[in-house]
Amino acid sequence: MPDLLTAEVLRNALVVAAEEASIVVVRSAYSTFIVEGSDASAAVLDARGRLIAQSMATTLMNSMALKVALPELLKDIPPDRMSPGDVYVLNDAYRGGVHTNDLLVYRPVFVGGTPAYFTATMIHVSDLGGLSAGGMAPLATDIFLEGLQLPPVRLATEQGLDPTVEAILRANSRTPDKVMGDVRALVAGTAVAAARLETLVGEYGAEGLSAGVDDYLDYTEARTRAALAELPVGRFEAAYPIDDDGINPEKSHEIRVAVTLGDERAVLDFAGTGPQVPAAINASASQSLAAAVFAVRCFLDPTIPMNDGCLRAIDVRLPEGSLLNARSPYPCGGRYVPIYAAMEAVFQAMSDAVPERAIAPSGILQPFSIAAVGAPYWIHLSYDFGGVGARRGLDGPDATGVHFGIGRNSVPQAEPVESRCPLIVESVETIPDSGGPGRFRGGLGSRTVYRFLADCHVTTRGDRLRLPPPGRDGGQPGRLGGFFKRHLDGTVERLASKVNNVRFAAGEAFIVETTGGAGLGPPSERDPEAILADLEAGRVTPRGAAEDYGFGAQSSIKSAGSKLTGKGDDRVTPVPAPYAVGGP
């Protein structure tokens, strides 16, 4: 039996190496969202392509991409052609990548003259071309409209960045200086993690480190299988819709899954999922794999490490040429839309399997970009989160989505964004009554208002803005959100969920409202004390309490509220027009 203390020390050392790399990227990058939103990922892998460790802030979407893409890098550039100090990059969505703006950077770590490990970093760089600044392109009909594609190429050597690759990146970016600042940050992150890994090789020896990694992955596999063995045996099916593809606003699409549990494993088969379409609602296989694995892990022991050992017990089958495994030239930039539908379908199938851990459907993140209409370019990439669906025994959290990026939430603070871009964040608030009513209430959606100080373009890529997250077990749907334009005269216009380069004039405002999570269980069964607490906190209005829960007349609400606060219902502040509940 391995020394458990040594194994635990080694495990944490590997995680810290990845975490330090991600911190270096965040502190060294130039793009606003990376610096202010901590949007960076890092991982440690071995030459067999196994995911050994990921940074604590890393989304599983990103570490899964780094895992799936490494074998593709090694196909084009075999290890015997690599030298110490080399760094490689790719962004090919069909070979493990995500979309054109997400650069995957790898550095080989040599042991005994041969690459034995790879440190890897990844971020969404500010801009690499495409239909709109920042890489959104929600109306792209093929991948060539989404930006520059990079096969595996050498990015740097011991002497520094490859000047040819740098020239290509600069020539394809609206913000070349920011992109190259981001690229240098990615390279620096891999160097820091590689140095930590070389220290571990020196401390444990090549064979000792290799054996320790094998033990760590085996341990994770054993714990994952043991957790799966505790679940009911059987086949559980579910589906979840996508509002539209942006090109055909009235046509919805569907993700289907069959989850089979038994024999200490889980098989997730997405046969029956809709075919890929010439619109930005497809995903690459690495992203869909991450969504499926994440959704299953949400029903397991949360202390199980995330590494390659976990993946041995979860078999994910993604039909080639489907919305979840697109092939060239179908666009992949809108991958959040299909993979969140895939995650939701798995959640509902697993909720059927384990009803005591059930979760109702959620509102999801709504990405958008704000950019200058011409040079010199400035870009703000962001997203706001929807409310989480209610869980068995618990209300859904407000405005957090279901772990953005499959594992992490990050939103830049208003002040740094205002200092970098010509805009003012007028307000950020949750929306009363937006959580789906139920015995357990869905989490609230949010509303953010951006007022512009200069003309700009706004691009959006939302979903669950036409088809609300349905309630579960008698619960009610969450309230729909949306994107809105407030004109100079104060009138408010609703935008489509997926629009490209809508022009806003200085003084106009962009309003982002996210969808609330669905409720679980009949609203009539909600504890009156919970309704009172929601009234006191402003999560529910008197009107909502009466209409959604049948909670007496206004006088009853006033009386009940007085018992809690010593005040009447004046403690509930009405939402001013045009932002009254129900939307502009």
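Preceding block: the structure.
If you're wondering where the values come from, they're calculated on a predicted model, not measured in any experiment.

The rules behind these values
- Along every chain, residues carry numbers that run from 1 in the direction the sequence is written.
- Local features in a predicted model are, by the rule used here, given only for residues with pLDDT of at least 70; side-chain atom pairs are given and counted only at 80 or more, and totals for whole chains, interfaces and linings are based on all residues.
- Side-chain metrics in this entry use all non-hydrogen atoms of the structure; hydrogen atoms and water are not considered.
- In DSSP terms, a helix is any run of H or I states spanning at least four residues, a strand is any run of E spanning at least two, and both are numbered starting from the N terminus.
- When a residue's accessible area, from a 1.4 Å probe over protein chains only, is under 20% of the maximum for its type it is buried; when over 50% it is exposed; and in between it is partly exposed.
- When checking whether two residues touch, look at their non-hydrogen atoms; a contact exists if any pair is within 4.5 Å.
- In this analysis an axis means a line fitted to C-alpha atoms, helices contributing only their contacting stretch, and an angle means the value between N-to-C directions, from 0 to 180 degrees.
- Each angle gets one of four labels, with under 35 degrees taken as roughly parallel, over 145 as roughly antiparallel, 65 to 115 as roughly perpendicular, and the rest as oblique.
- When the near helix sits turned anticlockwise from the far one by under a right angle, the crossing is termed left-handed; a clockwise turn instead gives a right-handed crossing.
- For this scheme, ten residues count as nonpolar: Ala, Val, Leu, Ile, Met, Phe, Trp, Tyr, Cys and Pro. Four count as charged, namely Asp, Glu, Lys and Arg, and the remainder, Gly too, count as polar.
- Buried Ala, Val, Leu, Ile, Met, Phe, Trp, Tyr and Cys residues that are joined via side-chain atoms within 4.5 Å together make up what is termed a nonpolar core.
- Only strands that DSSP links by at least two bridges are regarded as paired with each other.
- One side-chain nitrogen of Lys or Arg within 4 Å of one carboxyl oxygen of Asp or Glu is enough to make a salt bridge.
- Aromatic rings from Phe, Tyr and Trp, with only the six-membered ring used for Trp, were paired whenever their centres fell within 6.5 Å, and each pair was classed as stacked if the ring planes differed by under 30 degrees, edge-to-face if by over 60, and tilted otherwise.

A short note on the environment of Phe452
Here is step 1 of the chain: The residue Phe452 is located in strand 15 (residues 446–452) in this model.
Here is step 2 of the chain: Phe452 gets classed as buried once you look at its relative accessible area, which sits at 1%.
Here is step 3 of the chain: Distance from Phe452 to Asn101, taken between C-alpha atoms, is 25 Å for residues 351 residues apart in sequence.
Here is step 4 of the chain: Excluding residues that lie within four positions of it along the chain, Phe452 makes contacts with Ile370, Pro422, Leu423, Val458, Phe504, Ala505, Ala506, Gly507, Glu508 and Phe510.

Focus on the environment of Gly435
Here is step 1 of the chain: Mapped onto the fold, Gly435 is located in the loop between strand 14 (423–430) and strand 15.
Here is step 2 of the chain: Considering only alpha carbons, one finds Gly435 and Ala93, 342 residues apart in sequence, at a separation of 35 Å.
Here is step 3 of the chain: Aside from chain neighbours lying at most four places away, what touches Gly435 is Arg441, Gly442, Gly443, Leu444 and Gly517.

With respect to the packing of helix 4 (residues 163–171) against helix 5 (residues 176–204)
Here is step 1 of the chain: At a closest axis distance of 8 Å, the pairing of helix 4 and helix 5 adopts a crossing angle of 135 degrees. Classified by the angle their axes make, helix 4 and helix 5 are oblique. Handedness of the crossing formed by helix 4 with helix 5: right-handed. Taking contact as the criterion, the partners of Glu166, Leu169 and Arg170 in helix 4 are, on helix 5, Pro176, Asp177, Met180, Val183 and Arg184.
Here is step 2 of the chain: In the contact of helix 4 with helix 5, the residues fall into 4 nonpolar, no polar and 4 charged.

Considering the environment of Ala222
Here is step 1 of the chain: Turning to its location among the elements, Ala222 is positioned in helix 6 (residues 206–229).
Here is step 2 of the chain: In the structure, Ala222 is positioned 296 residues away from Ala518 in sequence and 35 Å away in space, judged by C-alpha atoms.

A look at the nonpolar core
Here is step 1 of the chain: Counting 82 residues, the largest nonpolar core has Tyr106, Leu268, Phe270 and Val293 as its most contacted members.
Here is step 2 of the chain: The biggest single contributor to this core is helix 9 (residues 336–353), with 13 residues.
Here is step 3 of the chain: Judged by nonpolar contacts, the second largest core, of 24 residues, contains Val87, Val125, Val179 and Val183.

Details of the sheet that holds strand 10 (residues 265–269)
Here is step 1 of the chain: Strand order across the open sheet formed by 4 strands is 8-9-10-11, with mixed pairing between neighbours. Strands with a single pairing partner mark the edges of an open sheet, and in this sheet they are strand 8 (234–242) and strand 11 (314–317). Averaged over all neighbouring strand pairs, the angle between strand axes comes to 15 degrees, with direction disregarded.
Here is step 2 of the chain: When strand 9 (residues 253–262) meets strand 10, the two strands line up antiparallel, connected through 5 bridges. From the neighbouring strand, Leu261 faces strand 10, where its bridge partner is Ala266.
Here is step 3 of the chain: Packed on one face of the sheet, helix 9 meets strand 8, strand 9 and strand 10 and runs near 145 degrees to strand 8.

What about the pattern of salt bridges?
Here is step 1 of the chain: In total, this model carries 41 salt bridges according to the counting rule given.
Here is step 2 of the chain: Between Arg11 and Glu8 there is a salt bridge; the shortest N-O distance is 2.6 Å. Separated by 3 residues within a single helix, Arg11 and Glu8 lie in helix 1 (residues 4–28), roughly one turn from each other.
Here is step 3 of the chain: Given the relative accessible area of 37%, Glu8 is considered partly exposed.
Here is step 4 of the chain: A salt bridge links Arg256 to Glu254; the nearest nitrogen and oxygen atoms lie 3.2 Å apart.
Here is step 5 of the chain: Its relative accessible area of 36% is what places Glu254 among the partly exposed residues.
Here is step 6 of the chain: Each of the salt bridges in this network shares a partner with another, and the network as a whole consists of Asp395, Asp398, Arg441, Arg526, Asp534 and Arg539.

Side note on the packing of aromatic side chains
Here is step 1 of the chain: Considering all chains together, one arrives at 9 aromatic pairs under this definition.
Here is step 2 of the chain: Between Phe368 and Tyr450, the aromatic rings sit 5.6 Å apart at their centres with planes inclined by 65 degrees, giving edge-to-face as the arrangement. With Phe368 in strand 12 (residues 366–372) and Tyr450 in strand 15, this residue pair connects regions lying 82 residues apart in the sequence. Grouping residues by exposure puts Phe368 and Tyr450 together as buried.
Here is step 3 of the chain: Measuring from centroid to centroid gives 5.4 Å for Phe368 and Phe510, while their planes differ by 75 degrees, and the two rings are edge-to-face. In this pair, Phe368 sits in strand 12 while Phe510 sits in strand 20 (residues 509–513), placing the two residues 142 residues apart along the sequence.
Here is step 4 of the chain: Under the relative-accessibility criterion, Phe510 is labelled buried at 0%.

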